[in-house]
Structures are given as C-alpha cells and as structure tokens.
Amino acid sequence: MKDFVEKHKNEVFRYVQYRKIWTPYEMEEKFKDESETEVYYNFARITDCFDLGSGDYLLELESGEINTEYDENDNEIPVFCPSNIIKYRRLSEIQIEKFGYDNETRTNKESERYAAMFMWRK
C-alpha cells in the first residue's frame, strides 16, 4: 500500500464514505436506506497510509476541490486546490475512485464531451 501511495501521491482521487448510521425512523420502521455510500464525492490526495495490522489501512487524505484554469491554447487544466484540511479514513470505510479527467489537461472539444456525459448521468 505504501508503494501505491508513493506512486500516486500527486494525483487527485474522489471518495465517498460508506453509510453506517440510520435515522431513528428507518430503525423504528425496520428498514434502512438502500444506498451504501454518501451521495456526493469528496476530492482528496492520499498523502500517507498506516497499516492497522488487520488487513485494513488508515489513509491520510488532503482534502480540496478541483478548479479549472486555462492555458495559452485555451485548454482546460484541472487544478487541485487544497483546503488545508487533513482527514483520516479507514480504507474499509470508503470507496475510492480515480477519474482521469481530474488529473489531465483537456481541449475544449473534450470538455464539451465530458460536460455532456455528466448531463446525461444526471
């Protein structure tokens, strides 16, 4: 796991926290929300990890958000803006995903295609 963190140290990941707490209504009515994770992504860089000895790891996450800047050719450049908040999460309690376009420069045509993809998903 340490090798993975070192290899991807400057890359942006998205993660969601698995849900653990049910509302009193859900518990009283003997049902629960079927969603397994939170409904929004958090952006972060993985800065370190610690072996907990049970096959699980504690990840040190540098939280932030993605802002868009433009180069001299008017290509989009996603820029990770750290929020100066470090969070610690167990690997077993989160779902991590890596979206290539969070880490790559895009031309205007590619940006339009990604925007269309997101519009279609919603």
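Refer to the structure above for everything that follows.
Everything in this summary refers to the structure shown in the same document. Just so you know, these numbers come straight off a predicted model, no measurement behind them.

**Overview of unusual backbone geometry**
- Phi angles above zero are rare outside glycine, and Asn84 is one such case at about 60 degrees.
- You can see Asn84 is positioned in strand β4 (residues 76-90).

**A few points about the nonpolar core**
- Within the largest apolar cluster, nine residues are counted, these being Val5, Phe13, Tyr15, Ala44, Ile46, Cys49, Leu59, Leu61 and Ile94.
- Contributing elements (two or more residues each) for this core: β1 (13-17), β2 (42-51) and β3 (57-70).
- In terms of residue count, the dominant contributor to this core is β2 (three residues).

**Some remarks on the pattern of salt bridges**
- By the definition in use, this model includes five salt bridges.
- Asp48 serves as the salt-bridge partner of Lys2, at 2.8 Å between the closest nitrogen and oxygen. A residue pair is termed long-range when its members are at least 10 positions apart, and Lys2 in helix α1 (residues 2-7) and Asp48 in strand β2 qualify at 46 residues.
- Overall, Lys2 belongs to the partly exposed group, its relative accessible area being 46%.

**Description of the pairing of β1**
- For β1, a buried count of five out of five residues is recorded, marking the element as mostly surrounded by other parts of the structure.
- Both faces of β1 are covered, namely the face carrying Phe13, Tyr15 and Gln17 and the face carrying Arg14 and Val16.
- Of the pairings in the sheet, the one linking β1 to β2 comprises three bridges and is antiparallel in character. In the strand pairing of β2, Phe13 is matched with Ala44.
- Summarising the sheet, β1 and strand β5 (residues 94-97) pair through four bridges and their orientation is antiparallel. Bridge pairing links Tyr15 to Ile96 in β5.

**Here's the deal with the pairing of β2**
- Along β2, seven of the 10 residues are buried, which leaves the element largely enclosed by surrounding structure.
- Bridge count for β2 against β3 is eight bridges, and the pairing is antiparallel. When the sheet's bridge partners are listed, Arg45 is paired in β3 with Glu62.
- Joining the antiparallel neighbours β2 and β3 is a turn of five residues, in which Gly53 adopts a positive phi near 85 degrees.

Calculation notes
Residues numbered from 1 in each chain as written. Predicted model: local features only at pLDDT ≥ 70, side-chain atom pairs only at ≥ 80, totals over all residues. Heavy atoms only, no water. Helix = DSSP H or I, 4+ residues; strand = E, 2+ residues; numbered from the N terminus. Core = buried A, V, L, I, M, F, W, Y, C linked by side-chain atoms within 4.5 Å. Buried < 20%, exposed > 50% of the residue type's maximum accessible area, 1.4 Å probe, protein only. Salt bridge = Lys/Arg side-chain N within 4 Å of Asp/Glu carboxyl O. Pairing = 2+ DSSP bridges.

Function cannot be read off these values alone, since they describe shape.
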